[in-house]
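The chain contents come next:
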Amino acid sequence: MNDAPDAPGYWGPSDQQYQPYQPYQPAQGPAAPAQAGGIPGHPAQPPGRPAPYGSYGANDPGHRTGHSQQPPVYWDPDAEETQVMPPVPADPGPQPAPPPGADPAEGPAREAGRLSGPLFRDERPGAAEPGASETVVLRAITDAAPPAPAGGPYPGGPYPGAPGGPAAGQPFLVPSSHPGQETPVAQADPQPQPPQRKQRGGRNLQAAIGVGVGLGAVIVASLFVVKALFLVVVIAAVSVGVWELTSRLAERKEIKAPLVPLVVGGVAMVATGYWSGIQWAAASLALTGLAVMVWRMAEPPENYLRDITAGIFTAFYVPFLATFVAMMLAADDGPQRIVLFLIVTVCSDTGAYAVGYKFGRNKLAPTISPGKTREGLAGGVGLSMLAGALLMELIIDGGSWWQGLILGGCAAVTATLGDLGESMIKRDLGIKDMGTLLPGHGGIMDRLDSLLPTAPVVWLLLAAFVGS
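Conventions adopted
Residues numbered from 1 in each chain as written. Predicted model: local features only at pLDDT ≥ 70, side-chain atom pairs only at ≥ 80, totals over all residues. Heavy atoms only, no water. Pairing = 2+ DSSP bridges. Helix = DSSP H or I, 4+ residues; strand = E, 2+ residues; numbered from the N terminus. Axes fitted to C-alpha atoms, helices over the stretch in contact; angles between N-to-C directions. Parallel < 35°, antiparallel > 145°, perpendicular 65-115°, else oblique. Left-handed = near helix turned anticlockwise from the far one by under 90°. Contact = heavy atoms within 4.5 Å. Nonpolar A, V, L, I, M, F, W, Y, C, P; charged D, E, K, R; others polar. Core = buried A, V, L, I, M, F, W, Y, C linked by side-chain atoms within 4.5 Å. Buried < 20%, exposed > 50% of the residue type's maximum accessible area, 1.4 Å probe, protein only. Phe/Tyr/Trp six-rings, centres within 6.5 Å; stacked < 30°, edge-to-face > 60°. Lys, Arg positive; Asp, Glu negative; His and termini not counted. Salt bridge = Lys/Arg side-chain N within 4 Å of Asp/Glu carboxyl O. Expected span 1.5 Å × (residues − 1).

Participant: When you look at the pairing of strand β8 (residues 369-373) in this model, what are you seeing that I'm missing?
Facilitator: Looking at chain direction, strand β7 (residues 363-365) and β8 are connected through two bridges and run antiparallel. By the bridge assignment, lysine 363 is partnered in β8 with threonine 373. A loop of three residues connects β7 with β8, the two strands running antiparallel in sequence.

Participant: Sorry if this is basic, but what is going on with the packing of helix α6 (residues 334-359) against helix α8 (residues 401-429) here?
Facilitator: When two helices pack together, their arrangement is captured by the angle between the axes and the distance separating the axes. At a closest axis distance of 9 Å, the pairing of α6 and α8 adopts a crossing angle of 60°. As far as their axial angle goes, α8 and α6 are oblique. Like other packed secondary-structure pairs, α6 and α8 cross with a definite hand, here right-handed. Residues Leu340, Val344, Thr345 and Ser348 of α6 touch α8, and the partners they reach there are Leu407, Ala411, Ala412, Ala415 and Thr416. Considering only residue class, the contact of α6 with α8 consists of six nonpolar, three polar and no charged.

Participant: Please clarify how the nonpolar core should be interpreted in this entry.
Facilitator: One recurring pattern in soluble globular proteins is that nonpolar side chains are buried together. Ile338, Leu340 and Phe341 are the most contacted members of the largest nonpolar core, which totals 53 residues. For this core, the leading source of residues is helix α5 (residues 304-329), giving 14 residues. Beyond its immediate stretch of four places on either side in the chain, phenylalanine 341 contacts Val325, Met328, Leu451, Thr454, Ala455 and Val458.

Participant: Sorry if this is basic, but what is going on with the packing of helix α7 (residues 374-394) against α8 here?
Facilitator: Packing of α7 against α8 leaves a shortest axis separation of 7 Å and a crossing angle of 140°. The angle between α7 and α8 places the two elements in the oblique class. Handedness of the α7/α8 crossing: right-handed. Facing Leu377, Gly380, Val381, Ser384, Met385, Gly388, Ala389, Met392 and Glu393 of α7, the residues of α8 in contact are Trp401, Gln403, Gly404, Leu405, Gly408, Gly409, Ala411, Ala412 and Thr416.

Participant: Just to check I follow, could you spell out the packing of aromatic side chains for this structure?
Facilitator: Within a pair of aromatic rings, the relevant descriptors are the distance that separates the centres and the angle that separates the planes. Enumeration according to the criterion identifies seven aromatic pairs in this entry. Centre to centre, the rings of phenylalanine 313 and tyrosine 317 are 5.4 Å apart; their planes meet at 15°, and the pair counts as stacked. One end of the pair is phenylalanine 313 and the other is tyrosine 317, both in helix α5 and four residues apart, which spans about a single turn. Phenylalanine 313 sits in the partly exposed class, given a relative accessible area of 38%. Measuring from ring centre to ring centre gives 6.2 Å for tyrosine 353 and tyrosine 357, while their planes differ by 15°; the resulting arrangement is stacked. Pair noted here: tyrosine 353 and tyrosine 357 are both in helix α6, with a separation of four residues, about one helical turn. Given the relative accessible area of 44%, tyrosine 357 is considered partly exposed. These aromatic residues form a ring-pair network of at least three members: Phe316, Phe320, Phe324 and Trp459.

Participant: How should the side chain of glutamate 422 be read in this particular structure?
Facilitator: Positionally, glutamate 422 belongs in helix α8. It is lysine 426 that comes nearest to the buried, bridge-free glutamate 422 among opposite-charge side chains, at 4.6 Å. Aside from chain neighbours lying at most four places away, what touches glutamate 422 is Tyr317, Met434, Met445, Asp446 and Asp449.

Participant: Would you mind showing me how to read helix α10 (residues 451-466) here?
Facilitator: Between its first and last C-alpha, α10 extends 21 Å over 16 residues, near the 22 Å set by a 1.5 Å rise per residue. For α10, the elements touching its buried residues are α5, α6, α7, α8 and α9 (444-448). Looking one or two places after α10, you find glycine 467, whose phi comes out positive at around 90°.

Participant: What should I look at first to understand the environment of leucine 223 in this one?
Facilitator: Looking at the secondary structure, you find leucine 223 in helix α1 (residues 205-224). Residue leucine 223 is classed as buried on the basis of its relative accessible area of 3%. Considering only alpha carbons, one finds leucine 223 and isoleucine 338, 115 residues apart in sequence, at a separation of 8.4 Å. Dropping the residues within four chain positions of it, leucine 223 is found in contact with Phe230, Leu329, Pro335, Ile338 and Val339.

Participant: Explain the pattern of salt bridges here, please?
Facilitator: It is possible for side chains of opposite charge to pair when their charged atoms get near one another. Inspection of every chain in the model, using the stated rule, returns seven salt bridges. Between lysine 372 and aspartate 419 there is a salt bridge, with its nearest N and O atoms 2.9 Å apart. A residue pair is termed long-range when its members are at least 10 positions apart, and lysine 372 in strand β8 and aspartate 419 in helix α8 qualify at 47 residues. A salt bridge links aspartate 446 to lysine 426; its shortest N-O distance comes to 3.0 Å. One end of the pair, aspartate 446, is in helix α9; the other, lysine 426, is in helix α8, with 20 residues separating them in the sequence.

Participant: Looking at this structure, I do not really get the environment of lysine 256. What am I missing?
Facilitator: Looking at the element boundaries, lysine 256 is found in the loop between α2 (228-253) and α3 (259-275). Once the C-alpha coordinates of lysine 256 and tyrosine 304 are considered, the two residues, 48 residues apart in sequence, prove to be 8.9 Å apart. If we skip the residues at most four places from it in the chain, lysine 256 touches Arg296 and Asp307.

Keep in mind these numbers describe shape, not what the thing actually does.
Structure follows, in structure tokens:
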């Protein structure tokens, strides 16, 4: 209900005149002549005229009890009214017993120092202090009178903290006859909510570190025991990567890139690149593309162009780029070149993560990878250049530190671009990871995303600096 502009009250529908708000006075003994309007200073009610809605008496039809024929109409039936009442003495004195059959909740006083009556609802338990004013929240009055609240004198149930009442810190609601219009009543000393802890990442860091250490051990063992064993590791990674990419394309986009010619062609590209060089690897790529086109002819012609395009892209993206790793391995100091290639790429990712997590503020490509920042890119480039300068000077025959700076900077840029490229593919497919083979990392393709584009750049720079 809306507050009146001059004094609390409402309009009575019987005489369309503004009536002041009057508290309910219970009958005591024989009926005494009512004062004018129920409040001293107001004009007397004319004899023979029914009392308007808004005067509270025992026989008042507008009295907010179950005896009312028509409830009074306030300014707004959906609103609620807050009345500031005068100070109530802590001990009002002895009160007469309620008449037989009367509702005890509507008696003169439920408890010393607390307002009573069908329209009054206490906000908090306990007696009011002498000399203090009390704010009473009144329920909205509508055409249909709501049933009496159950669970005690507090609207909606017991007071907070009592058995069956709302938990501490939960909002205390004043019910309304209109669903969805309950009004929360502020409580003193609410329980503070503990701050939510910020999660640092969506991956299991311990599992990621464990898997990374295991992969590093396999790579080192295969490189320095029998060099050709590392070629088997490369072929296995390429085959699994082709399977992951074609499977995600079929699941998310219904693109049927032929798997068999892609795996066979990928193995041929890596093997010919290791034993015969780039010319035979390029020829294997061309033959793989022709095999994809012929293999797809066994299916209906719908989406033929889309499927063979995805197949040729897969043949180039995974096995052909991995062929440059095999060609680095074929050199006399092949294991040292592979170590240099792997370390500068890993340093690029590690430096970007560490610096970006600590100091990252400006997004690098928010629509592609929101976690990457320009500060992280600078950290990755710096750490990769440092690692390249040290390794080029120490483990590569004929290499110098300035060549390592160039190689490390270029490797960091291509690794970042490769990571963004695969992020674009995964966003287009609507997936987070290409697979679940490596705990904490995702799939094989989630680890090859930065290595594959970096391999041809490192191979080319090493060939230019120290020969192939």
